[in-house]
Amino acid sequence: MEKNQRCSNKDTNTNSIGFCLLPSELIQNILLHLCIPEIIRMKLLNKFVLTTISDQSFIQQLNGGSHRDTWIFVYTRRWRRDNGVLHGFSDRSVRWFKIPVAEIMTGEVFPGEDLYLLTASGNFLLFASNTHSGIIAVDLVGKKVTRIGSCPLGPRGTSSWRRSGMKLVPDPSCSGHFRFMFAEMVNNRPVLFTYRSNTTTWQTKEAEDTTNWDFKKKSNVFLSLSNRPHESIVMSVDDESMINRFPAILRPRMNHDAIRECPSSVGFSRNDLDSQLLHIHGDEYKVVIRLDKIDTSKMKKVMKSLEVWEISSDGEKWELVSRAPSEVISNKPCGVMMGCLERRLSVIRVALMTNHEGLWNIIWLDYDKEKDKWEWVPLPDCRFLQGSNMAGISFSSGLTFSL
């Protein structure tokens, strides 16, 4: 294509004209260093850039790198009936992206609908609607919105969902689709509920206790049913559980050796009112954070320790994996702390939301189990949080384009 043909759009500004005059190989190399939201905006530059981005070989190369990214999504609202705002940050970027999710949902979501971000995976985000007690799936890249059919348990508002008890995963058998799983106790029996987007149907399957557990399958999904100081109930699901097997129930306990070695991780101490423990569960791991009060009158706390625990190989107990070194632990005071946890390959990721005197902050920590290495992931300033109400936070795997 001739250079003058590439830039035929009369409304193209000087910078875009100069950009599209570059050789195609150089343009693609530049684009490969951008995140998907930036590339989506570049599509609007002109027809030549759109053609370059739509090239199949380029998409394959782009997806090969971007699927390894890790994203954190934060959904906020100014007030209850406000159209929420979604911000995303990738471990490969240097800034927060304001993602126009409200525009994507225009026409599919009722004005003033009260939404909460439940979870995310790849291109998909799931929102719970408090207004209609349903679930809404959003494809950020494809810009598609789907209302999921009624849950077998009936209408469910935000308060009915437990973050550690649900999981959104790409459907390996059907590109562009997903499976949403969550576990609940129904009549004192553990039940797995699975929604498949390719068939738009729900499936239910009761789990069973097992003493012969095939552990450490990388495809296993772990859903938390109950978390007590001394014992947890966790459901283990693999692909075969969807066909001819039942999900397994695990009951890991804090053994006596762990209690003697690390009594602070067992639960809340009635004798130490100046300390509080926060347990955050995700996959087959949990993080235990000790918060110490530094100002009783203002309920001001500071993080003193953070530990990663894992379900043992036999599924019967919790085992201490690692304690975070002091250099990655935040010493900023906080009044409130909450968070989410996710394992991807050998890396356990923890996101902590803190609030001190009305000011929100986000802390992102990674622990690589294979390398036994902790890392604090620096985040840009979170000014968008100030003056807003939190309406959900979630980790997600990388965004990709469809071939």
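Small disclaimer: the values here were computed from a predicted structure and weren't measured.

A look at the overall build of the chain
- In terms of regular secondary structure, the chain is built from eight helices and 25 strands.
- Burial analysis of the chain (403 residues in total) assigns 53% to the buried set.
- Accessible area for the chain stands at about 20300 Å²; split by element, carbon and sulfur atoms hold 49% of it.

Some details on the nonpolar core
- Grouped together as the largest cluster of nonpolar side chains are 38 residues, with contacts concentrated most on Phe73, Tyr75, Leu86, Phe127, Val138 and Leu140.
- Each of domain 1 (19–58) and domain 2 (69–396) accounts for three or more of the residues forming this core.
- If we skip the residues at most four places from it in the chain, Tyr75 touches Gly84, Val85, Leu86, Val101, Met105, Leu115, Leu117, Phe127, Asn389, Met390, Ala391 and Gly392.
- In terms of nonpolar packing, the next biggest core, distinct from the first, is built from 22 residues, Leu278, Ile280, Leu291 and Ile329 among them.

Focus on the packing of helix α3 (residues 24–31) against helix α5 (residues 47–54)
- It is the contact of α3 with α5, at a shortest axis distance of 11 Å, that shows an interaxial angle of 70°. Taken together, the axes of α3 and α5 are roughly perpendicular relative to one another. Contact with α3, carried on its side by Ser24, Ile27, Gln28 and Leu31, involves Phe48, Thr52 and Ile53 of α5 and no other residues of that element.
- Looking at side-chain class alone, the contact of α3 with α5 contains four nonpolar, three polar and no charged residues.

Considerations on the layout of surface pockets
- Counted as a void, the second largest pocket has a volume near 530 Å³.
- If you trace the second largest pocket, you find 28 residues lining it, with Lys332, Thr354, Asn361, Ile362 and Ile363 closest to the centre.
- For the lining of the second largest pocket, the secondary-structure elements that each account for two or more residues are β19 (300–311), β22 (347–356), β23 (359–368) and β24 (373–377).
- Among the elements that take part in the lining of the second largest pocket, β23 stands out by supplying five residues, more than any other.

Thoughts on the side chain of Ser322
- Considering the arrangement of structural elements, one finds Ser322 in strand β20 (residues 317–323).
- Overall, Ser322 belongs to the buried group, its relative accessible area being 9%.
- A distance of 2.8 Å separates the side chain of Ser322 from the side chain of Trp374, its partner in a polar contact.
- Other than its neighbours up to four places away in sequence, Ser322 contacts Leu306, Glu307, Val308, Tyr367, Asp372 and Trp374.

Let's talk about α5
- Those residues of α5 that sit buried are Phe48, Val49, Thr52 and Ile53. With its buried residues spanning 135° around the axis, α5 presents them on a single face.

A few points about the sheet that holds strand β25 (residues 389–397)
- Strands sit in the order β3-β2-β1-β25 across an open sheet of four strands; the sheet is antiparallel. Whereas interior strands pair on both sides, the edge strands pair on one side only; in this sheet they are β3 (97–99) and β25. Each strand axis lies, on average, 25° off the axis of its neighbour in the sheet, ignoring direction.
- Pairing of strand β2 (residues 85–90) with β3 involves three bridges; the strand directions are antiparallel. Among the inter-strand pairings, His87 is bridged to a residue of β3, identified as Lys98.

A few points about the pairing of strand β21 (residues 336–344)
- Here β21 lies mainly inside the structure; seven of its nine residues are buried.
- For β21 and β22, the ladder comprises nine bridges, and the chain directions are antiparallel. Looking at the pairing, Leu341 lines up with Val350 of β22.
- Where β21 hands over to β22, the hairpin turn is made up of two residues, of which Leu345 adopts a positive phi near 55°.

Here we look at the sheet that holds strand β9 (residues 178–186)
- The sheet built from four strands is open, its strands ordered β8-β9-β10-β11 with antiparallel pairing. Looking at which strands have only one partner, the edges of the open sheet turn out to be β8 (166–170) and β11 (201–206). Here the average twist between neighbouring strands, direction ignored, is 20°.
- As defined by bridge partners, β9 adjoins strand β10 (residues 189–196) across eight bridges and the pair is classed as antiparallel. Bridge pairing in β10 links Phe182 to Phe193.

Quick word on the packing of α5 against helix α6 (residues 56–66)
- For the pair α5 and α6, the least separation of the axes is 5 Å and the interaxial angle reads 65°. Only Gln56, Phe58 and Ile59 of α6 make contact with α5, whose side of the interface consists of Thr52, Ile53 and Ser54.

Thoughts on α6
- Among the residues of α6, those classed as buried are Phe58, Ile59, Leu62, Asn63 and Ser66. For α6, the buried positions fall inside an angular range of 130° around the axis, keeping them on one side.
- Lining the buried residues of α6 we find α3, α4 (36–42) and α5.

Some remarks on unusual backbone geometry
- The phi torsion at Thr200 lies on the positive side, around 55°, for a residue other than glycine.
- Structurally, the position occupied by Thr200 is in the loop between β10 and β11.
- According to the relative accessible area criterion, Thr200 is exposed, its value standing at 53%.
- In this structure, Asp372 takes a positive phi of about 50° despite not being glycine.
- Among the structural elements, Asp372 can be located in the loop between β23 and β24.

Reading the values: the criteria
- Residues numbered from 1 in each chain as written.
- Predicted model: local features only at pLDDT ≥ 70, side-chain atom pairs only at ≥ 80, totals over all residues.
- Heavy atoms only, no water.
- Helix = DSSP H or I, 4+ residues; strand = E, 2+ residues; numbered from the N terminus.
- Buried < 20%, exposed > 50% of the residue type's maximum accessible area, 1.4 Å probe, protein only.
- Areas by Shrake-Rupley, 256 points an atom, 1.4 Å probe, with all protein chains shown as cover.
- Core = buried A, V, L, I, M, F, W, Y, C linked by side-chain atoms within 4.5 Å.
- Domains from an automatic or database assignment.
- Contact = heavy atoms within 4.5 Å.
- Axes fitted to C-alpha atoms, helices over the stretch in contact; angles between N-to-C directions.
- Parallel < 35°, antiparallel > 145°, perpendicular 65-115°, else oblique.
- Nonpolar A, V, L, I, M, F, W, Y, C, P; charged D, E, K, R; others polar.
- 1 Å grid on protein atoms, 1.4 Å probe; cavity = no way out; pocket = protein on both sides within 12 Å on 5 of 7 lines; lining within 4 Å.
- Points joined across faces, edges and corners; volume = space filled by probe spheres on them.
- Polar contact = N/O pair within 3.5 Å; in protein donor to acceptor, adjacent residues only side chain to side chain.
- Arc of directions from axis to C-beta.
- Pairing = 2+ DSSP bridges.

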